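Geometric and topological summary
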Amino acid sequence: MPRDRFLITTADERAWRRDVPVVFLGEWCRLFKRKEAWSELDAIVCPPYGVSKARKDHDFEAASGLERELIPVLAQGLNRAHGLHHSERFWRILAGHWLKRFVDTIYNRYHTLEQCTSDVSGMRVLWDEQYSLAVVNSNSFVWASNDAVWNNVLFARLLPYLGSFQIERVLCDLGSGFRMKEVHPAHALPATALSRLKARLRNILRWLRAKRFSNRDALILHTYMSAEAEFDLQRKIGQRPRTWHVPPHAALAPVDRNLRESLRSDASVADPLRRSLHDLLFDLLPVCFLEGFSDLRHQASMLPWPRHPRFIFNCANYDTDEAFKCWTAMRVEEGIKYFIGQHGNNYGTHRQIARRTTEQMTADKFLTWGWTDGHPAKVPAFMFRHGGAAKVTMDPHGGLLLAEDCLPHHVYCWDIFHDYDRLFSAQLSFARALPLALKAKLTVRLHGPGENLERWGDRERWRDFDPEIELEGGAAPFGELLRRSRLVVYGYDSTGMLENLASNVPTMAFWADGLEHVLDTALPVYALLVDAGIIHLTPESAAAKVAEVWDDVSSWWLSPSVQEARSKFCEAFARTSETPVDDLVRLLTA
């Protein structure tokens, strides 16, 4: 790479220079819809960081070690700040998912900078004295990781750990920091008097219902089972069926810079990456865990939930639901058992994602979709979404559905833009390889929040590739799309693929990285799906198989070899139950 190029770290063009040779730190700087703004620059792009299988494996272990190093620092600092003596498990339940993402994010940004800083002359940072990298809560941190301004400021904070560089400040009105309302205006309060009145009446009704329970009732919340099955579960463990409501938590306290500075670790750390993690730990800590913690704890203590529940069982709230996590952490310290059900795919199969997660480390039992790794707390169960769910029936004369992923949040050790570029290119290759008659029957289901689609420009890129292909932007329920299709193809390793296999719905998949992401222990089971023609290692192979079976998908899907492979895979990773409620009663009360 030529020396003395100016470093651009963001898609926000206020931080760009156009009068000198530049180097874009990554593809996130070059928005597809702004191609005219960057295509004429004297510019190169830094190579992606951490994208090989070996590097991902190495970085996963390294980042896991750093997370273990920081959890006692975080716990001790928060206990000191709040005058408490909570255990590390308490703070891991409350803030462990954020800590994991914090470590991975800093690890990625640091190493991304490291591999190109020897060849740059300086960078610009958007500057506002009031701007803070600390966000409101865990969910805000996830979305901040995608934000152009937030990342630009973070890169400027990290650059001095790598040497002496010229950092030019561009004075801007940035406000006090990243806020979720910038990406989720739908989360605002109801806009009309009528909607506000309805919301108030719903809250009163929930409060009245909350009075009709025993303080020893188990808290069973968001299990993904049908309402009928969930009520049946509560009856069979001897309590009156009811639903529980978790009110949203808003941490409104301002950032206290002096408090955060006082909590900074004074440990002697020579390694610059580790030093940056220690220095930034409390600078980036969400407000709800520090300045807003007293309000959060008060809200959690006032929740109209059982005071001494028999146990807690949940499949969804353990990550970013601050009130639920705080209430649960308090109950766990009182000796209440905490059970978590598997939320989606990747658990037990992915080499980096969903391994050694906070939910697996903090639960007394982690109920899986069938797999086990020998750990006594990981208990094989079944797919909870199938507990009482209606059967999906596809149309044997319907169309071809391609389900695409969306660009992930920027919270992993590796360059997500590089991986998504490969994934998206593979989807285009699949469409290109289809016979024209089949391509005319193709519907592409765009996936994910609109903001993530905007970051990559999925819709625009598909239109640029072929304006005739039908795009479905996410408004239609996925089940309805399935019912209008004769075959669904997944361009990524998806929860939906496992659900379809469990439902015995005709399904194929192809993945840009083949089976590189699959754990060695899971490879033999995945190989069964490859041999059966369900999973393909190239998009061209998948397109050829679709064309081969298209006129009679059912005969292929119901053939003994396909059904045997599907059944063996589901037994390991997508198990279903004929008696889900009885099985769950046994697992939760054993």
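**Observations regarding the packing of helix 5 (residues 148-158) against helix 9 (residues 272-284)**
Relative orientation of the contacting elements helix 5 and helix 9 amounts to 145°, with a least axis distance of 11 Å. Relative to helix 9, helix 5 is oriented so that their crossing is right-handed. Facing Trp150, Leu154, Arg157 and Leu158 of helix 5, the residues of helix 9 in contact are Ser276, Leu280, Asp283 and Leu284. Within the contact of helix 5 with helix 9, the residues separate by chemical class into five nonpolar, one polar and two charged.

**Notes on the sheet that holds strand 10 (residues 378-380)**
Judged by pairing direction, the sheet is parallel, and its five strands sit side by side in the order 6-7-8-9-10 without closing on themselves. With one partner strand each, in any of the chains shown, strand 6 (219-221) and strand 10 form the two edges of the open sheet. Looking at each pair of strands side by side, their axes are set apart by 20° on average, direction ignored. Where strand 6 meets strand 7 (residues 311-314), three bridges bridge the pair, whose relative direction is parallel. Looking at strand 7, one finds that Ile220 is bridged to Phe313.

**Digging into helix 20 (residues 539-549)**
Turning to helix 20, its buried residues are Pro539, Ala542, Ala543, Lys545, Val546 and Val549. Here the buried residues of helix 20 occupy an arc of 165° about the axis, which is enough to place them on one side.

**Topic: the environment of Gly479**
By secondary structure assignment, the location of Gly479 is in helix 17 (residues 478-483). Residue Gly479 is classed as partly exposed on the basis of its relative accessible area, which comes to 25%. When the C-alpha atoms of Gly479 and Thr393 are compared, they prove to be 9.2 Å apart, with 86 residues separating the residues in sequence.

**Observations concerning the pairing of strand 15 (residues 507-510)**
Burial along strand 15 is two-sided: Thr507 and Ala509 and Met508 and Phe510, pointing in opposite directions, are all buried. With three bridges connecting them, strand 14 (residues 485-490) and strand 15 associate as parallel partners. Bridge pairing links Tyr490 to Ala509 in strand 15. Bridge count for strand 15 against strand 16 (residues 535-536) is two bridges, and the pairing is parallel. Looking across to strand 16, one finds that Ala509 is bridged to Ile535.

**Side note on the pairing of strand 4 (residues 120-127)**
For strand 1 (residues 5-8) and strand 4, the ladder comprises three bridges, and the chain directions are parallel. Among the inter-strand pairings, Leu7 is bridged to a residue of strand 4, identified as Met123. Where strand 4 meets strand 5 (residues 166-171), six bridges bridge the pair, whose relative direction is parallel. Of the residues in strand 5, the one forming a bridge with Gly122 is Gln166.

**Quick notes on the confidence of the model for the protein**
If pLDDT is low for a region, its predicted coordinates should not be looked at in detail. Averaged over every residue, the pLDDT of the protein is 92; the share at 70 or more is 92%. Throughout residues 182-191 the model reports pLDDT below 50, and contacts reaching past four residues in sequence, or to other chains, amount to eleven contacts.

**Points about the sheet that holds strand 3 (residues 43-45)**
The five strands are arranged 3-2-1-4-5 in an open sheet whose pairing can be described as parallel. The strands lining the two open edges of the sheet, one partner per strand, are strand 3 and strand 5. Neighbour to neighbour, the strand axes of the sheet diverge by 30° on average, direction disregarded. Here strand 1 pairs with strand 2 (residues 22-24) via three bridges, running parallel. Looking at strand 2, one finds that Phe6 is bridged to Val22. Set on the sheet, helix 5 makes contact with strand 4 and strand 5; between it and strand 4 the angle comes to about 130°.

About the thresholds
- Residues numbered from 1 in each chain as written.
- Predicted model: local features only at pLDDT ≥ 70, side-chain atom pairs only at ≥ 80, totals over all residues.
- Heavy atoms only, no water.
- Axes fitted to C-alpha atoms, helices over the stretch in contact; angles between N-to-C directions.
- Helix = DSSP H or I, 4+ residues; strand = E, 2+ residues; numbered from the N terminus.
- Left-handed = near helix turned anticlockwise from the far one by under 90°.
- Contact = heavy atoms within 4.5 Å.
- Nonpolar A, V, L, I, M, F, W, Y, C, P; charged D, E, K, R; others polar.
- Pairing = 2+ DSSP bridges.
- Buried < 20%, exposed > 50% of the residue type's maximum accessible area, 1.4 Å probe, protein only.
- Arc of directions from axis to C-beta.
- pLDDT = per-residue confidence, 0-100.

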